[in-house]
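Listed below, chain by chain, are the residues.
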Amino acid sequence: MSALTELAAIASTEAQKLTNYIKSNNLPLPSFEVDAPGELPIPSTDEDLQASKIRLLKAAQDLQALALGPAEDLRWKAWNQYNDNISLHAIMHFRLPEAVPVNGTATFAEISQKTGLKEPLVMRFVRHAAIYHVFKEVSSGVVAHTAGSVALLDGSSVRDWLDMTFEEWAPASVYAVKQLIQSPDSGEQSDAGFGIAFGGQTIFEFLAQNPDRARVFGLSMSNFSKGASHKVEHLITNYDWPSLGESTVVDLGGSHGHISLAIAKAHPKLKFVVEDLPGTTAQGEEMLPAEFKDRISFIGHDLNQLQPYKGADVYMFRSVLLNWPDKYVVKFIKNLVPALKPGSKVLINEGVLPRPGEVSDWDYKVLTSLDLCMLAMFNSKERTVEEWEGLFKEADPRFAFQYARKPEGSLLWIIEAVWQPTESP
Ligand SMILES: C[S@@+](CC[C@H](N)C(=O)[O-])C[C@H]1O[C@@H](n2cnc3c(N)ncnc32)[C@H](O)[C@@H]1O
């Protein structure tokens, strides 16, 4: 068997297995049509089916690479990644999805009239995006939605993510390598690719001055936390919250408070203090449902300053420290010390960089690309377990590192250290 036929056989076997499950459970089959399911309808808890899906994805990706050969594969990968995004970015920015009725059609001229984008440009963007099933041209010049274009409608979960990717993350990635040439030894966020693209600002300085973009960033984080690998449920069910009783948890870099809110719903005895930069916490306060106002409060706080809330039981960093170079992570942990009481826990819920083969191919791809994204955006990185442990030691040897474990299906690990001031010098 050639590698090509072997991969095709794997793809066929796995696709059949997934289809059998979907059919035997009378679930909707995946398609590009407007009424297609939002995701492959297989349970996130079924490891066997999830592994099957990952083998299918890997086989499909490798098939394309082999069918093209190495030079052409690289040529088109690099080229398409940039150009595909032009049509998608334009479709999002000029709100083309809103200009087409979900179960009807609109002409290029009608879309142009509603969006203000010139008709020839509407045609170019729609025809290009339709290649990857975002819209379809049902007859010449007449456009209908697909599952992909519906996913971009206002209020959909992926829209903010794409918005943030196009507006902030993509320009940063273009300059990632330039940063390594200009300032290879820098330990500063402001030197990252983002800084080169945005006049020396860090993303957080930029967001502080652009509340509209801060809102999109916050919503993206909240949506990301709903994706299978970053679901907050992994943290809710795999950390021993019940043993804390009536405790207070400080959620550092807690954005609009969506993580605290989700944990608060599941564990009614806990109280939360969400800390973030003042603009973000002000937005979070506005968005907080009234029934949680007695259990969730907000403090505008810069991680660079000493921790203002003293004596909490848990200080939690979730998806925060990966944004910072090592010296800042050490500083942020040190800044907690004067506020800690013996037994206070520092809980970290962040990615851990695995070695090749330690996690599925899909997870490995997500984590390594997140690692590079951290480089471009923040001059930072994803870390190994040993690196996490080392950062606590460097911050203060009186932290007792407890464990780092990965909940099943989650890309975010649960890492805990306890403040034990009497046990070490
Ligand atoms: C990647 S988001 C994570 C949000 C949330 N914890 C989650 O899991 O979805 C990082 C957060 O850190 C906040 N942040 C960045 N710099 C900060 C600083 N100097 N002080 C406090 N928070 C900061 C950002 O505003 C943002 O909300």
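Please refer to the structure placed before this passage.
Below: a short report on this structure. What you are looking at is a predicted structure, and each value in this text was computed from that prediction instead of being measured. (Residues numbered from 1 in each chain as written. Predicted model: local features only at pLDDT ≥ 70, side-chain atom pairs only at ≥ 80, totals over all residues. Heavy atoms only, no water.)

### Focus: the packing of aromatic side chains
Thinking step 1. Summed over all chains, the structure comprises 15 aromatic pairs.
Thinking step 2. Each residue in the set F204, F217, W324, Y328, F332 and F378 is aromatic and connected to the rest through ring pairs, giving one cluster.
Thinking step 3. When the ring centre of W388 is taken as reference, the NZ or CZ atom of R383 above it lies at 5.5 Å.
Thinking step 4. For R405, the ring lying beneath its charged end belongs to Y403, and the centroid distance is 4.0 Å. (Phe/Tyr/Trp six-rings, centres within 6.5 Å; stacked < 30°, edge-to-face > 60°. Lys NZ or Arg CZ within 6 Å of the ring centre and 35° of its normal.)

### Re the side chain of N349
Thinking step 1. Along the chain, N349 turns up in strand β8 (residues 345–351).
Thinking step 2. Side chain to side chain, N349 and R318 meet in a polar contact 3.0 Å long.
Thinking step 3. At 2.9 Å, the side chain of N349 forms a polar contact with the backbone oxygen of W413.
Thinking step 4. Once residues within four sequence positions are removed from consideration, N349 is found in contact with L235, F317, R318, S319, L412, W413 and I414. (Helix = DSSP H or I, 4+ residues; strand = E, 2+ residues; numbered from the N terminus. Polar contact = N/O pair within 3.5 Å; in protein donor to acceptor, adjacent residues only side chain to side chain. Contact = heavy atoms within 4.5 Å.)

### Re the environment of L66
Thinking step 1. Assignment of secondary structure puts L66 in helix α2 (residues 47–68).
Thinking step 2. You can call L66 partly exposed: its relative accessible area is 44%.
Thinking step 3. Measuring from C-alpha to C-alpha, the distance between L66 and L4 comes to 6.9 Å, with 62 residues separating the pair along the chain.
Thinking step 4. What L66 contacts, discounting residues up to four positions off in sequence, is A3, L4 and L7. (Buried < 20%, exposed > 50% of the residue type's maximum accessible area, 1.4 Å probe, protein only.)

### Overview of the site of the ligand
Thinking step 1. Looking at the ligand, there are 17 residues lining it, with G253, H258, D276, L303 and R318 nearest.
Thinking step 2. D302 is positioned with one of its side-chain polar atoms (N or O) 2.9 Å from a nitrogen atom of the ligand.
Thinking step 3. Taking L303, its main chain carries an N or O atom lying 2.9 Å from a nitrogen atom of the ligand.
Thinking step 4. If the ligand stood free it would expose 600 Å²; the protein chains cover 96% of that surface. (Near = heavy atom within 4 Å. Areas by Shrake-Rupley, 256 points an atom, 1.4 Å probe, with all protein chains shown as cover.)

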